[in-house]
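Here are the chains, one letter per residue:
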There are 2 protein chains.
Amino acid sequence: MSNGSATGATFHLGELHGSLSDPVLSSMTLLNEITGRFPDAVSFAAGRPYEEFYDPLQIHDHLERFRKYLEVERGLGSEEVRTALFQYGHTKGLLTDLLVRHLAADEGVHADPDSVVVTTGCQEAMILLLRALRTGSADVILAPAPTYVGFLGAARLMDMPVLPVAEGSGGIDVEDLVVQIGRARERGLNPRACYVVPDFANPSGLSMSLADRRLLLDVAEREGILLIEDNPYSLFNADGRRLPSLKSLDTTRRVVYVGSFAKTAFPGARVGYLVADQRVSGTGPGEGPLLADQLAKLKSMLTLNTSTISQAVIGGKLLETDCSMTRATEREAEVYRRNLAAVLAGLDTHFPVPEDGSRPRATWNIPGGGMFAVITLPFEADAAMLEYSASEFGVLWTPMRYFYPEGGGTHQIRLSFSVLTPERIDEGLARLAALVRDRTARP
Amino acid sequence: MSNGSATGATFHLGELHGSLSDPVLSSMTLLNEITGRFPDAVSFAAGRPYEEFYDPLQIHDHLERFRKYLEVERGLGSEEVRTALFQYGHTKGLLTDLLVRHLAADEGVHADPDSVVVTTGCQEAMILLLRALRTGSADVILAPAPTYVGFLGAARLMDMPVLPVAEGSGGIDVEDLVVQIGRARERGLNPRACYVVPDFANPSGLSMSLADRRLLLDVAEREGILLIEDNPYSLFNADGRRLPSLKSLDTTRRVVYVGSFAKTAFPGARVGYLVADQRVSGTGPGEGPLLADQLAKLKSMLTLNTSTISQAVIGGKLLETDCSMTRATEREAEVYRRNLAAVLAGLDTHFPVPEDGSRPRATWNIPGGGMFAVITLPFEADAAMLEYSASEFGVLWTPMRYFYPEGGGTHQIRLSFSVLTPERIDEGLARLAALVRDRTARP
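Each value, and the rule that gives it
Residues numbered from 1 in each chain as written. Chains lettered and ligands numbered in written order. Predicted model: local features only at pLDDT ≥ 70, side-chain atom pairs only at ≥ 80, totals over all residues. Heavy atoms only, no water. UniProt positions renumbered as here; feature names shortened; annotations may be inferred. Helix = DSSP H or I, 4+ residues; strand = E, 2+ residues; numbered from the N terminus. Buried < 20%, exposed > 50% of the residue type's maximum accessible area, 1.4 Å probe, protein only. Phe/Tyr/Trp six-rings, centres within 6.5 Å; stacked < 30°, edge-to-face > 60°. Lys NZ or Arg CZ within 6 Å of the ring centre and 35° of its normal.

- An unreviewed UniProt entry lists chain A under the name PLP-dependent aminotransferase family protein, with Streptomyces olivaceiscleroticus given as the organism.
- Its UniProt record gives chain A the following Cofactor (unreviewed entry) comment, quoted word for word: "pyridoxal 5'-phosphate".

The structure is reproduced here in C-alpha cells:
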C-alpha cells in the first residue's frame, strides 16, 4: 500500500490476493458488465430460475408455516421460537430434520440429521469442503472441464488448484479421471476429491449414465478420493426419467452431497446444505466425529450460522409440499421442459443442415433436461464477439471458454433458457443465426 | 483418507485444514459443550443480545416496510420488487443507500454508497478483508491481545497469522503497535493491517481515548497499514458519551469499517457490512476501482449475495427509525446500562476489600459501557475450572485465555451480562464469590 498522499491510501492489485487477478473472477465481472449494457437484448446469458410464480406474499406464508412447525411439530414454546428466529443459531442450522425428509422424498438419500449442515447457499458448502481439504501445497481437486464457474472461483479463493478431467457426451470421462489422478500423483500431488454435477450440468447440460455413476463410485473407492456431488438441476428432466443421485448409490461414504434451493425454491434466500457422513479420526477416543461436524466448525468462523430468517422461509416452503421439491416445482419443471423443446426446435429451424453437403454453420448438444445447451460455432466466441453480438444483433450468451480452468471451449457458447418464453427463444435464435451468417459470409 | 472398509471412508484430522486442530476453534466447541450441559447455571458466558423486545410479528412488519420502500422511495415496479426479493441479488447488496444514512446518523461517517458492501454478518466482512490482504507467507495482521475470538478464527481460516499487540487500560497500546510492526518487518514479515474494537471491546470491555484514536490513525498513516475497525457495541455507553469512531476521524482512508447489526437489530439475520473507500491501482487506466469492488468480487465467490430476505428485514428495521440505530436501541441500551451497574455494584458487595490489608480475592476493570467486564482471580481459570464452577457452584463464565493468540489471561475470566436481570447478576456473583472462597480457602 502506498503511504500518505493527498488522495489517501491506494493499493496495487498485486498487493491483494491472487484470485483478484484471476481470469475466472475477472471474466464474470466483465460478462456482467457487458450484459448489463444491453438490457433489451434477448439474453441467453443469465443462469437464473424462472420467476413468474414468485409472489412477495408467499414470504409471509412461509414464515408463518415454519413458526407453527416450530411450535407444533418441534414443541417449542413462544420464547424458544423467538430465540430460534432472532438469536445466533446452531451452526448446523434449523432445517436438518426437514432436509432429511426432503432428501428421502426427492433424492432417494437416507441421511442422518447429524450429517447435515445448512449453508449460506451451496456456494458456502463448496467453500467449506475446499477449505477442509486443503492442508498444504500438494492438495488438489479434480473436476470435469468445463466446470461451473462458482466452483472454480471458490477453489481459487481457497487456494485449491483444480485439475481438469475430460468430458464426453455423458459428462465426466471416468477413464480420464483415473489417468489424471495417476498423473497428479506422479507429480507429487495429492488428489483429494472430484467435483461433479451428474444431471444436466452447468455449463454443458450433459448427464451421466447409470453405468458411469457406478463406475465413478468404484473409482473413488479404489483411488481413495471423495466425490463432491452438486445436483441443483436434477428435478428438471425433460422426459420424466430420474437417474439415482451418486449419494443414493453411495454404500461406502465416498460422496459429500451439496444441495441447493436456488433453483427449486429461490436464490435470494441463500440457503443450501451439505451431507457429509464420513468419519474423522484423531480427535479423541471412539468412532470420531462426522466430517459434517468439522465442516460446521469451519462454518462457525465463516458465517456463524445460516440466516435464521432465510431458513424459516425455505423451511416454510419445504413444509408446503411435505418436503417434496419435486411437487413444489411442477410448474417450473414444465416451463423448463417447454423452453428446452423451443430451443431444440428453434435451432433446427434457424440452423438447417446445408443441402449442398457443406459443413453446418453450428452444431449443438441435446440435453435431457436442465437449463443449458451448448452450441459450437465456426468462429471464436470471446468477450469481443459477445459485445458485437449484443450491439449488432441484440442477443446475449456466455462464452464457454470461461468454464475451462486450463483453456478450451474457444468456439463454444452456452445458451441458458430458464427465464425466457418460447417466443423470445425463437427470436433470440433468429438473431444468433444472423450473427453466424454475418461472421461466416464470404466476402 | 483410508481406502475402503466396511464402515466407509474415514479421514484423519491431520488430513484436514490446520484450523481444525487449532486451539481457537476447538476451545469454542469445548466451551459451548460445557455451557450446554448446565442449563440451570447463571451464565455470564453468552455474548448474545437481550431478547425480551423481540417479537416474530416484527419480521412481517419489517418486510412490508422494506417492500414499500422499494416501491415508493426507490420507484421499483412490482416485477422489479419481486426480482429484488427472490432472485440472485447485486453482490454489494440492497441496503447500501440505507447504510449510508445509518452511518451518517449513528457513526458520523459520510460514506459513498459505492464503498459499502453488505455482508453475511460482520464475520464475512472480516473473512473478505483477511482473504484480500493475504498474498503470500509474509503477510500478517496485528491485533491487541486479548482479541475477539471470531476474528482469530477468521484469520486462522484464511491462513493469516495474527501478531499480538499489548493492551493497556485504554485498549490497544499504540506505542507497542509501532514496536510490533518494526519487529515483524525485521523478521521479513509484511504487516498489512491492525484489527481494533475502539469501544467496549470484546472481551476486555476497554475503550480507547480520543487522543489514542488520533495517535492510532497517525501510526497507520506513517507505517502504511490499514486499520480494520469493528464497532458492534459503540451505541451502548453507560454515561451517554460517544467518542468518534476511527472512520469518522479518517482523513486519509486508512480505515476499513466493519459494521454489525447483531447487537443493534438481531444476530439471526446475519447482516453486516463494510466500508472500504481505498483505491486499487493496476486494474486498468484511470483512478482504479474501490477496494469495496475488489472485496465484492471475493464475496461473489463466497456467498454470492447476502440473503435478500435478511436484508429486507434489516432494511425494514432501519427504516422504522429513519436509519438511526441509536433510536432503535434505546430500550436495549438502558438494559445494558442497568446490568453493567448491577455487575459493578455486585462485585463491590461480593468481593469486599479485605479490612486486614491482605490481598483482595479478585480485581476487575470498570468498563464505560458494552456487555463485558473482566475479573482477575487468584487462581488459574481454565476449562477444568469452568466445569468445576458450573457443577459445584452453578455459575458459568468464559476463560480469557482463549482470546490470546499467543498465551495470556490465564487467571482472568470474562463476564458477559447482556442477557441477565439484575437479580440473576447478583445471584451469579454470589456464586462466583463462593467459588473463589472455595479455591482460596486455607486448609
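## Focus: unusual backbone geometry
Then, in step 1: Each neighbour pair has its own omega, and for alanine 145 of chain A with proline 146 of chain A the value is 5°, a cis peptide bond.
Then, in step 2: Here proline 146 of chain A lies in the loop between strand S4 (139-144) and helix H6 (149-157).
Then, in step 3: A positive phi angle, close to 70°, is found at cysteine 323 of chain B, a residue other than glycine.
Then, in step 4: Cysteine 323 of chain B sits in the buried class, given a relative accessible area of 0%.

## Topic: the packing of aromatic side chains
Then, in step 1: Applying the stated rule across the entire model yields 24 aromatic pairs over all chains.
Then, in step 2: Between phenylalanine 86 of chain A and tyrosine 54 of chain B, the ring centres sit 4.6 Å apart and the planes meet at 10°, which makes this aromatic pair stacked. Residue phenylalanine 86 of chain A is found in helix H3 (residues 78-86), and its partner tyrosine 54 of chain B is found in the loop between strand S2 (42-43) and helix H2 (56-72); the two belong to separate chains. An identical accessibility class is assigned to phenylalanine 86 of chain A and tyrosine 54 of chain B; each is buried.
Then, in step 3: Measuring from centroid to centroid gives 5.8 Å for phenylalanine 261 of chain A and tyrosine 273 of chain A, while their planes differ by 40°, and the two rings are tilted. Highlighted residues: phenylalanine 261 of chain A in the loop between strand S10 (255-260) and strand S11 (272-275) and tyrosine 273 of chain A in strand S11, separated in sequence by 12 residues. As far as the burial class goes, phenylalanine 261 of chain A and tyrosine 273 of chain A line up, both buried.
Then, in step 4: Three or more aromatic residues joined by ring pairs make a cluster, and in this case those are Tyr54 and Phe266 of chain A together with Phe86 of chain B.
Then, in step 5: One Lys or Arg, arginine 331 of chain B, reaches over the ring of phenylalanine 53 of chain B and ends 4.2 Å from the middle of that ring.

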